[in-house]
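Chain and residue survey
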Amino acid sequence: MSLTKEQCFDQLLRSHDVKPEGKSAGWLEQIRVEALASAGALNFPSAKQDDWRFTDLSSLFQHAFYPVDSIASVKLADIEKFLIPDAIRLVFIDGCYAAGLSDLKRAGSGVTVTSLAERLGDLRVEENFGRHAPYKQDAFVALNTNFFEDGAWVHVSGEIAAPIHILHVATCRDAPSAIYPRCLVVIEPFSRATVVEDYAGLNDGIYFSNAVTEVVMKDHAQLQHVRVQREEKNAFHVGHGSVKLGTGSVYAATSLAFGARVSRHTLHVIQNGEGAEMHLDGLALIAGRQIADTHTLIDHAAPRGRSVQLHKCIADGAAHAIFSGKIIVHVGAVGTDSVQSSRNLLLSDKAHIDTQPQLEIFNDDVSCKHGAAIGQIDLDALFFLKSRGLTEERARNLLTHAFAAEIIAKIPVLSLVESLGRTILDRISGVRT
Amino acid sequence: MINKESRILLEVKNLKAEVAGVEILKGVDLTIRAGEVHAIMGINGSGKSTFSKVLAGHPDYTVTGGSATFEGRDLFALAAEERARAGLFLAFQYPVEIPGVSNSALLRLAYNTLQLDRGLEELDPLEFDDLVQEKIKVVEMNPSFLGRSVNEGFSGGEKKRNEILQMAVLEPKLAILDETDSGLDIDALRIVAKGVNSLLSSDNAVVMVTHYQRLLNYIVPDYVHVMDGGRIVRTGGKELALELEARGYDWLRAAA
């Protein structure tokens with residue numbers, strides 16, 4: 001069955017009728033109603049919208065996605081390969097909390113890591129949920145906000161050394177399914193944490209993972225935020241992150257996109273507090289007919305903010321990678337220091353990369369630099385490696401891996417650096433694990 | 001050391017080659033036997049760097065005539081990596097930087113590739129570290145360079161030393177040093193030369209491609225060849241280099 005774009009959207013909206021009643025609260029019902037209304041009004045984005053003009057979603061629109069109506073039976077062994085040793089682990093299967101697969105014993109005092117649905121009565125949840133992600137402007141965020149079953153609730157007051165691993169796993173049913181992962185992270189003043197958001201699938205069925213994450217960093221909070229998108233090959237993944245930064249806070253994000261047939265990640269970071277710092281590193285590594293789109297927006301809305309961004313795309317086969325990085329320095333954001341770099345590696349003649357760094361500056365006293373480069377494997381380096389006995393393929397793989405490794409190395413969780421390093425080696429050499 | 005009885009490593013006959021449709025090598029003849037040290041000198045544009053790159057298999061150059069055999073095998077039938085595995089080594093004039101690949105990882109990968117090709121055991125990282133710690137003494141390199149990305153942030157002299165370290169690890173039969181002396185201060189030159197000398201044996205050979213006589217004070221050649229206009233126009237002993245240093249290249253060109 002092949003649908004039109006409108007039919008596909010209607011199907012997603014209709015799933016509301018059969019959605020089982022989950023836990024709720026009055027304030028949330030209000031938000032859900034608004035979200036459903038705005039989803040209906042917004043519909044899917046069109047290619048005429050500037051933010052979507054490079055991103056071909058037509059393969060998504062062909063499918064009818066159904067809500068997940070039963071909880072899949074997943075064993076720990078099934079998700080073993082995704083696990084991070086010594087992490088605080090929250091596992092969601094098709095958007096539903098899997099307590100039996102989660103491991104919260106390392107969460108000490110001052111740290112809450114749990115199911116969102118179980119804490120709807122928590123005032124801190126109510127104060128933050130849906131207040132940052134733009135469900136009135138973005139149809140995907142609206143769909144998620146209305147349809148999400150459950151999500152991660154991370155609240156940190158103090159310092160926690162163990163990484164908090166939020167693992168969203170799709171099981172893939174007989175019919176294409178739509179799942180709505182959700183995360184809410186609040187880091188209190190002078191508190192520190194590492195959060196790993198992880199999106200994966202268990203088989204190559206068709207599913208649509210539509211994720212939303214909200215992060216609130218209070219004054220002088222520090223967060224290392226890793227996002228791994230390693231969905232299965234027939235998956236569609238659309239993710240939105242909204243991050244608010246308080247005074248003197250430090251936000252370091254490393255976002256990786258390896259998987260999915262089509263993926264889009266939108267990250268919006270707002271520097272609301274003076275002197276906040278953000279480091280945004282990203283890597284898209286795709287092949288075949290994959291499409292991976294990363295849109296980032298950094299709003300310097302307060303003085304003396306600092307942002308450093310490095311985004312890399314590696315596209316092989318007939319893949320299409322997109323990067324759009326906008327930085328806005330608002331009136332009053334004096335002393336802003338911003339550096340953005342987009343570096344891209346094309347591995348085949350049929351691969352395609354669009355990169356669009358954009359700076360909008362509304363005051364004088366700033367230092368902003370940005371640059372973009374698209375290249376192929378360096379032929380001098382290739383010849384050098386061959387002259388040392390490496391085959392052409394081995395040499396290409398080594399150089400590609402090295403290009404990717406710069407981003408992987410920024411991940412603050414060593415076991416993840418190692419396991420993802422192996423994953424990208426396998427991807428690069430064409431061995432799918 | 002000249003020994004007319006020793007086996008021929010490389011035999012080049014009437015070699016012609018072009019880059020981007022322009023003929024650079026116009027008939028080069030050269031025979032190198034095991035145990036010999038050769039120097040190829042010449043002005044910029046004489047074809048000496050092209051010659052070394054053609055032998056190593058650089059893709060920009062096209063062989064248009066003549067032949068080259070390496071231990072009896074047709075060199076031009078081999079891909080660049082096969083030439084390396086056969087024991088040919090090129091020390092680059094401008095060593096490339098490879099961010100993200102550590103020096104030790106590259107050395108081990110290259111070493112193990114050659115080991116496998118020769119039907120020998122690969123070394124694991126610990127075993128290889130023992131080997132490489134010995135080898136870096138040859139070029140008096142600080143072990144901290146092993147953990148750094150290949151040539152990234154290295155000075156000119158460090159890059160050249162790194163090339164010789166690769167030579168020390170890979171133990172080629174024939175090493176071509178393409179302007180290895182350029183950009184070296186006198187101390188680095190001495191270290192590099194000492195390293196090369198320590199690697200010389202009666203089983204291998206070295207070709208130094210150089211502009212200046214300076215390097216030849218430290219690595220004494222058995223033969224000095226002068227290239228001009230894409231040919232070897234003169235061959236002599238080490239005294240030819242001194243003569244070139246004293247008189248320049250013009251008298252040769254005039255004579256040719």
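Residues numbered from 1 in each chain as written. Chains lettered and ligands numbered in written order. Predicted model: local features only at pLDDT ≥ 70, side-chain atom pairs only at ≥ 80, totals over all residues. Heavy atoms only, no water.

A short note on the packing of aromatic side chains
Under the defined criterion, the tally for this structure stands at 15 aromatic pairs over all chains. On the numbers, 5.5 Å between centres and 75 degrees between planes, the contact of A:Phe384 with B:Phe92 is edge-to-face. Of the two residues, A:Phe384 sits in helix H7 (residues 379-386) while B:Phe92 sits in the loop between strand E6 (88-91) and strand E7 (98-102), which places them in two different chains. Centre to centre, the rings of B:Phe145 and B:Phe154 are 4.9 Å apart; their planes meet at 90 degrees, and the pair counts as edge-to-face. Both residues of the pair, B:Phe145 and B:Phe154, belong to the buried class. Just above the ring of A:Phe403 sits the side chain of A:Lys312; from NZ or CZ to the centre is 4.1 Å. (Phe/Tyr/Trp six-rings, centres within 6.5 Å; stacked < 30°, edge-to-face > 60°. Helix = DSSP H or I, 4+ residues; strand = E, 2+ residues; numbered from the N terminus. Buried < 20%, exposed > 50% of the residue type's maximum accessible area, 1.4 Å probe, protein only. Lys NZ or Arg CZ within 6 Å of the ring centre and 35° of its normal.)

Notes on unusual backbone geometry
All names here are of chain A. The backbone of Asp-94 sits at a positive phi, close to 50 degrees, despite the residue not being glycine. Relative to the helices and strands, Asp-94 resides in the loop between strand E2 (88-93) and strand E3 (96-97). A relative accessible area of 4% means that Asp-94 is categorised as buried.

Quick word on the environment of A:Ala178
Residue and element names in this part refer to chain A. Summarising the element assignment, Ala-178 is placed in strand E7 (residues 177-179). Once the C-alpha coordinates of Ala-178 and Phe-236 are considered, the two residues, 58 residues apart in sequence, prove to be 9.3 Å apart. Beyond its immediate sequence surroundings of up to four residues, Ala-178 is in contact with Leu-12, Phe-65, Tyr-66, Pro-67, Val-68 and Phe-208. (Contact = heavy atoms within 4.5 Å.)

Some words on the sheet that holds strand E6 (residues 164-170) of chain A
Residue and element names in this part refer to chain A. Ordered by their spatial adjacency, ten strands build an open sheet running E3-E2-E6-E9-E11-E13-E15-E17-E19-E21, and the pairing between neighbours is mixed. On the outer flanks of this sheet lie E3 and strand E21 (366-375), each paired with one strand and no other. Summarising the sheet, E2 and E6 pair through six bridges and their orientation is parallel. When the bridges of E6 are listed, Ile-93 appears paired with Val-169. Packing against the sheet, helix H8 (residues 392-408) makes contact with strand E13 (250-257), strand E15 (277-286), strand E17 (306-315) and strand E19 (336-346), and its axis sits at approximately 150 degrees to E17. With respect to the sheet, helix H9 (residues 414-428) is in contact with strand E9 (192-201), strand E11 (222-230), E13 and E15, its orientation differing from that of E11 by roughly 30 degrees. (Pairing = 2+ DSSP bridges. Axes fitted to C-alpha atoms, helices over the stretch in contact; angles between N-to-C directions.)

Here's the deal with the environment of A:Ile374
All names here are of chain A. For Ile-374, the position within the fold is in strand E21. The class for Ile-374 is partly exposed, based on a relative accessible area of 41%. Ile-374 sits 318 residues away from Asp-56 along the chain, and the two C-alpha atoms are 21 Å apart. In contact with Ile-374, not counting residues within four places along its chain, are Asn-344, Leu-346, Ile-353 and Thr-355.

A look at helix H5 (residues 156-170) of chain B
All names here are of chain B. With 15 residues, H5 should reach 21 Å at 1.5 Å per residue; the first-to-last C-alpha distance of 22 Å fits that figure. Of all the 15 residues making up H5, 13 are buried; the element is thus mostly covered by neighbouring parts of the structure. Immediately downstream of H5, the backbone of Glu-171 shows phi near 45 degrees, a positive value. (Expected span 1.5 Å × (residues − 1).)

Re the packing of H8(A) against H9(A)
Residue and element names in this part refer to chain A. With their axes 10 Å apart at the nearest point, H8 and H9 run at an angle of 150 degrees to one another. The handedness of the crossing between H8 and H9 is right-handed. For the pair H8 and H9, contact is made by Asn-397, Thr-400, His-401, Ala-404 and Ile-408 and by Val-417, Leu-420, Gly-421, Ile-424, Leu-425 and Ile-428, respectively. Across the contact of H8 with H9, the residue classes break down as seven nonpolar, four polar and no charged. (Left-handed = near helix turned anticlockwise from the far one by under 90°. Nonpolar A, V, L, I, M, F, W, Y, C, P; charged D, E, K, R; others polar.)

Side note on the domain arrangement of chain A
Residues and elements named next belong to chain A. Taken domain by domain, chain A holds domain 1 (5-273) and domain 2 (378-433). For domain 1 versus domain 2, the separation of C-alpha centres amounts to 30 Å. Counting from both sides, the interface comprises 14 residues of domain 1 and, opposite them, twelve residues of domain 2. Buried surface at the junction of domain 1 and domain 2, both sides included, amounts to about 1,100 Å², of which 76% is carbon and sulfur. Looking at the side of domain 1 facing domain 2, the largest losses of area belong to Thr-254, Leu-256 and Phe-258, adding up to 41% of the total buried there. Scanning the region where domain 1 abuts domain 2 turns up zero salt bridges. Broken down by secondary-structure element, the contributors of at least two residues to the side of domain 1 that touches domain 2 are E9, E11 and E13. Ranked by residues supplied to the side of domain 1 that touches domain 2, first place goes to E11 with four residues. (Domains from an automatic or database assignment. Buried area = accessible area lost by both parts, 1.4 Å probe. Salt bridge = Lys/Arg side-chain N within 4 Å of Asp/Glu carboxyl O.)

Quick notes on the environment of A:Ile424
All names here are of chain A. Structurally, Ile-424 is set in helix H9. The exposure class of Ile-424 is buried, given its relative accessible area of 0%. Not counting residues up to four positions away in its chain, the partners in contact with Ile-424 are Phe-258, Leu-285, His-401, Ala-404 and Ile-408.

Quick word on the side chain of B:Asp178
Residues and elements named next belong to chain B. Here Asp-178 shows up in strand E9 (residues 174-178). Of the side chains bearing the opposite charge, Lys-53 lies closest to the buried Asp-178, which forms no salt bridge; the N-O distance is 4.9 Å. Non-local contacts of Asp-178, meaning those with residues more than four positions away in its chain, are made with Ser-49, Ser-52, Leu-90, Ala-91, Phe-92, Gln-93 and Val-209. (Lys, Arg positive; Asp, Glu negative; His and termini not counted.)

Some points on the interface of chain B and chain A
In this complex, chain B contributes 26 residues to the contact, which on the side of chain A involves 16 residues. Surface buried jointly by chain B and chain A totals about 1,800 Å² across both partners, of which 72% is contributed by carbon and sulfur atoms. If you look at where chain B meets chain A, you find one salt bridge. As a salt-bridge pair, A:Arg388 and B:Glu163 come within 2.9 Å of each other at their nearest N and O atoms. At the junction of chain B with chain A, the criterion picks out four residue pairs in polar contact (both at pLDDT 80 or more). For the side of chain B that touches chain A, the secondary-structure elements that each account for two or more residues are helix H2 (80-86), E6, E7, helix H3 (103-117) and H5 of chain B. A per-element tally of the side of chain B that touches chain A places H3(B) first, with five residues. Across the side of chain B that touches chain A, the residue classes tally to 18 nonpolar, five polar and three charged. (Polar contact = N/O pair within 3.5 Å; in protein donor to acceptor, adjacent residues only side chain to side chain.)

Considerations on the pairing of strand E4 (residues 61-70) of chain B
All names here are of chain B. Pairing between strand E1 (residues 8-19) and E4: eight bridges, direction antiparallel. Across the sheet, residue Leu-10 finds its bridge partner in E4, namely Phe-70. In this structure, the hairpin formed by E4 and strand E5 (residues 73-74) is closed by a connection of two residues, where Glu-71 is found at a positive phi of approximately 50 degrees.

A short note on helix H2 (residues 26-42) of chain A
Three or four residues apart is the spacing at which side chains of an α-helix point the same way, because the helix has 3.6 residues per turn. All names here are of chain A. The terminal C-alpha atoms of H2 lie 24 Å apart, and with 17 residues this matches the ideal 24 Å at 1.5 Å per residue to within 8%. What H2 keeps buried is the set Trp-27, Leu-28, Ile-31, Arg-32, Ala-35, Ser-38 and Ala-39. Down the axis of H2, the buried set is contained in an arc of 135 degrees. They therefore lie on one face. Those residues of H2 that are exposed and angled more than 90 degrees off the buried face are Gly-26, Val-33, Ala-37 and Ala-41. Immediately beyond the C-terminal end of H2, within one or two residues, lies Asn-43, with a positive phi of roughly 60 degrees. (Arc of directions from axis to C-beta.)

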